[in-house]
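A structural walkthrough
Below, each chain spelled out in residue letters.
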Amino acid sequence: MGKKVLGPYDVMRYLVKIIEIKTIADVVVERGGQEVDIRESVDFRYREWTLFKLIAHLLYVPLYTSIIKRYFVEYYYIDLFAGSGMGYLERGGRRIRIAGSSLIALSFAKPQFTKIYLNDAKQRKIKLLMERIKILSELPLKERKKYGFPLDEIDMERIKPYTLDANRAIEKIMSEIEERNKELLGRVGRGCHIYAFIDPEGLELEFKSLERILTSPVRSDLMILFNSYGVAMQVHNHFNSGYSDDAVRRHLGEGYYDYLERQARQRGKALEQLTVDELDDILTEFYAKEIERHGYKTVTIRLSLRDGARSPGQEREFNLIYATRSTKRNNPYMAALDYIKELVESPARYMGYGNLIDDAVYYLETGGLRGLLKDIIERPEEFFKRYSTSARFGGPAA
C-alpha cells in the first residue's frame, strides 16, 4: 500500500483537534468547580510540544476501539504514568487547562474500554484524577451530545487505580489481564487486547518492564514517549564526563552499548566523538528495534523543535513510538498509523515547529486563529494553492 497523500481537509481536521483537549479540561472544571481546577502542587505544567503527543493519542483512541471490538472480546486501557488527568500551559501569566491522556482516552473511546488501569506513584494525583473522571462520567446525555464527548458512557466500576512505581504496577496489571485472557480463551475461544499509553517523565521505566508487556500472550498496542534528547544527553555525559550510565542501561537494556559501538565504527568515530544529535538518532533506532525484536512493528513520530524560533539552549527532540503486534494478514492499524504520523508531522514540518506551536497555543488561549494556522483552517484550498510545497499535503503546486 502506498503512502497516503494528505488533502487540505485532513490537515484542517487535525488542527481543530487542538481545541478539544482544552475543552475537556474546561468542562470538568465548569461542572466540578474550584476543587478540581488546576493545582500547582499536583498538576503538570506542560511543555508546549505536549500538544502533539496528546493529539496523536486522541486520534488513535477512537480508531483503536472501533476496530479492536471486531477481533477481541474485551480490550483494556493501561496508563502507567496517568498523573492527575489535567495539566496546563502558561502564557503571559494566564493558565490554559489541557486534558491529560486518561481523560482523553475515556472521552474518545467508542465503545468504552472493558477495563481501565490507571497508575501513578503519587496518591494525590490519582485521587484528583478519579475525581475528575467522575465528573465526566456524570455528564448527562444532552451535555455529551453538546460537547461531543464522552463518546460512550464512562462506568466508574471499570476503572482500577494504582499508586505504585510503574515497574511494579506492570507486573500486577499484566498478571490480572493474563488470567482473564486465559479464562476467555477457554470459555469463548477469543481473548482480550491491550492499548498501553506509556509516558514517563524521564528514564524511570525499565526496559525489562516494557518487555513484560511485549512478551505477554495477551496482544497489545503501545504508544510510548521516548525522550531521545534526554537519553542522548545522559549517554553523551557518560562518555565525555564520566557520569554513570546505570539509569540508561535499565531504561534501554544492556544491548545499547554494543549497538552504539557498532554504529560509531560505521561512522569512523570513537564513542566519545558521537554528537548528541547522532546519539539521539542511533538510540531512537535502537529502542524501536528492541521492541520489534519481540514481534512488533513500529511507527515513530519524530518531532524536532529545532528552528529559528528556538534558541540553542531550548533545542529538544522527542519521539512517539507506536508499537503493534505483527500479524499474518498485516495488522489493520499499520496504514492508519502511517496516516496519523503524516497528519501529525506534516503541518509542523511545513510551518516550522516553533511557528506551529506558537499559533496553536494562541488558538487555545484566545479561541482565535492567526498566521499560517489561520490560513490552513479557514482557507485551506487557498492555502494549498498558494505554496508550491503544498503538494506534500495533497494540494496542487503553484
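On a predicted model such as this, the values are computed, not experimentally measured, just so you know. (Residues numbered from 1 in each chain as written. Predicted model: local features only at pLDDT ≥ 70, side-chain atom pairs only at ≥ 80, totals over all residues. Heavy atoms only, no water.)

1. Focus on the nonpolar core
Within soluble globular proteins, side chains that are nonpolar generally end up buried alongside one another. Selection rule: What we call a nonpolar core is a set of buried Ala, Val, Leu, Ile, Met, Phe, Trp, Tyr and Cys residues that are connected through their side-chain atoms within 4.5 Å. Working definition: with a 1.4 Å probe on protein chains only, accessible area under 20% of the residue-type maximum means buried, over 50% means exposed, and in between means partly exposed. Under the scheme used here, helices are H or I runs from DSSP no shorter than 4 residues and strands are E runs no shorter than 2 residues, and both carry numbers assigned from the N terminus. Two residues form a contact once any of their heavy atoms are found within 4.5 Å.
Core analysis: the biggest nonpolar cluster contains 67 residues, and F113, I133, Y195 and Y322 have the highest contact counts within it. Element by element, the count of residues in this core is highest for helix α2 (residues 50–68), at 11 residues. The contacts of Y322, once residues within four sequence positions are left out, are A56, H57, Y60, L222, M223, K297, T298, V299, I301, L337 and I340. Within the second largest apolar cluster, 51 residues are counted, among which are I194, V235, V276 and I321.

2. So, the side chain of R212
Here is the rule we go by: Whenever two N or O atoms come within 3.5 Å, that pair is a polar contact, provided that in protein one can donate a hydrogen and the other can accept it, and provided that, for residues adjacent in sequence, both atoms are side-chain atoms.
One can find R212 in helix α7 (residues 207–214). Exposure remark for R212: the relative accessible area of 19% places this residue in the buried category. At 2.8 Å, the side chain of R212 and the side chain of E171 are in polar contact. Within polar-contact distance, the side chain of R212 engages the side chain of E178 at 2.7 Å. Once you skip the residues sitting within four places of it in the chain, R212 turns out to touch I170, E171, M174, S175 and E178.

3. Some details on the packing of aromatic side chains
For the record, the criterion: Pairing of aromatic side chains here covers Phe, Tyr and the six-membered ring of Trp, requires ring centres within 6.5 Å, and sorts the geometry by plane angle: under 30 degrees stacked, over 60 edge-to-face, intermediate tilted. As a reminder, the over-ring test applies to NZ of lysine and CZ of arginine, requiring each to be within 6 Å of the ring centre and within 35 degrees of the ring normal.
Following the criterion strictly, the structure yields 17 aromatic pairs and no others. Aromatic pair Y60 and Y322: ring centres 5.3 Å apart, planes at 55°, arrangement tilted. One end of the pair, Y60, is in helix α2; the other, Y322, is in strand β10 (residues 317–325), and 262 residues separate them in sequence. The buried category is assigned to Y60, whose relative accessible area is 1%. Taken together, the aromatic side chains of Y60, Y64, Y75, Y77, F113, Y195 and Y322 make up a single cluster linked through ring pairs. Sitting over the ring of Y88, R95 keeps its end group 5.2 Å from the ring centre.

4. A look at the pattern of salt bridges
Which entries qualify depends on this criterion: We count a salt bridge whenever a side-chain nitrogen from Lys or Arg sits within 4 Å of a carboxyl oxygen from Asp or Glu.
By the definition in use, this model includes 27 salt bridges. Two residues, E90 and R95, come together in a salt bridge whose shortest N-O distance is 3.7 Å. By relative accessible area, which is 28% here, E90 ends up partly exposed. Linking E211 and R293 is a salt bridge whose minimum nitrogen-to-oxygen distance equals 3.4 Å. You can see E211 sitting in helix α7 and its partner R293 sitting in the loop between α11 (276–292) and β9 (296–304), a full 82 residues away along the chain.

5. Comments concerning the packing of α7 against α11
Using the following cut-off: For helices, the fitted line uses only the C-alpha atoms of the stretch in contact; every axis is such a line through C-alpha atoms, and the angle between N-to-C directions lies from 0 to 180 degrees.
As a packed pair, α7 and α11 sit with axes 10 Å apart at the nearest point and diverge in direction by 35°. Contacts between α7 and α11 involve F207, L210 and L214 on the former and, on the latter, Y287, E290 and I291.

6. Here's the deal with the pairing of strand β7 (residues 192–198)
As a reminder, the rule being used: For two strands to be treated as a pair, DSSP must find at least two bridges joining them. Crossover handedness is defined here as right-handed if the route from the first strand over the helix to the second strand goes clockwise, with the strands pointing away from the viewer.
Judged by how many residues are buried, β7 sits mostly within the fold: seven of seven residues are covered. Residues of β7 alternate between two faces, with C192, I194, A196 and I198 on one and H193, Y195 and F197 on the opposite face, all of them buried. Inspection of the sheet shows strand β2 (residues 74–79) paired to β7 by six bridges, in the parallel sense. When the bridges of β7 are listed, E74 appears paired with C192. Crossover handedness for the path β7 to α7 to strand β8 (residues 219–226): right-handed.

7. Regarding the pairing of strand β5 (residues 115–119)
Counting buried residues along β5, four of its five residues qualify, which places the element largely inside the surrounding structure. Pairing between β2 and β5: four bridges, direction parallel. When the bridges of β5 are listed, Y76 appears paired with K115. Direction of pairing for β5 relative to strand β6 (residues 159–162): parallel, over a ladder of four bridges. Counted as the bridge partner of L118 is P161 from β6.

8. Brief notes about the packing of helix α8 (residues 228–241) against helix α10 (residues 256–266)
We apply this condition: Angle categories are assigned with fixed cut-offs, so that under 35 degrees is roughly parallel, over 145 is roughly antiparallel, 65 to 115 is roughly perpendicular, and the rest are oblique. For this classification, the nonpolar set comprises Ala, Val, Leu, Ile, Met, Phe, Trp, Tyr, Cys and Pro, the charged set comprises Asp, Glu, Lys and Arg, and every other residue, Gly included, is treated as polar.
At their nearest, the axes of α8 and α10 sit 13 Å apart, and the two run at 75° to each other. Classified by the interaxial angle, the pair formed by α8 and α10 is roughly perpendicular. Along its contact with α8, which presents V235, H238 and F239, the element α10 presents Y256, Y257 and L260. Considering only residue class, the contact of α8 with α10 consists of five nonpolar, one polar and no charged.

9. Focus: unusual backbone geometry
Between K110 and P111 the backbone carries a cis peptide bond, its omega angle lying at -5°. Within the element layout of this structure, P111 appears in the loop between α3 (101–108) and β5. Backbone torsion omega between F149 and P150 reads -15°, so that peptide bond is classified as cis. Along the polypeptide, P150 turns up in the loop between α5 (141–147) and β6.

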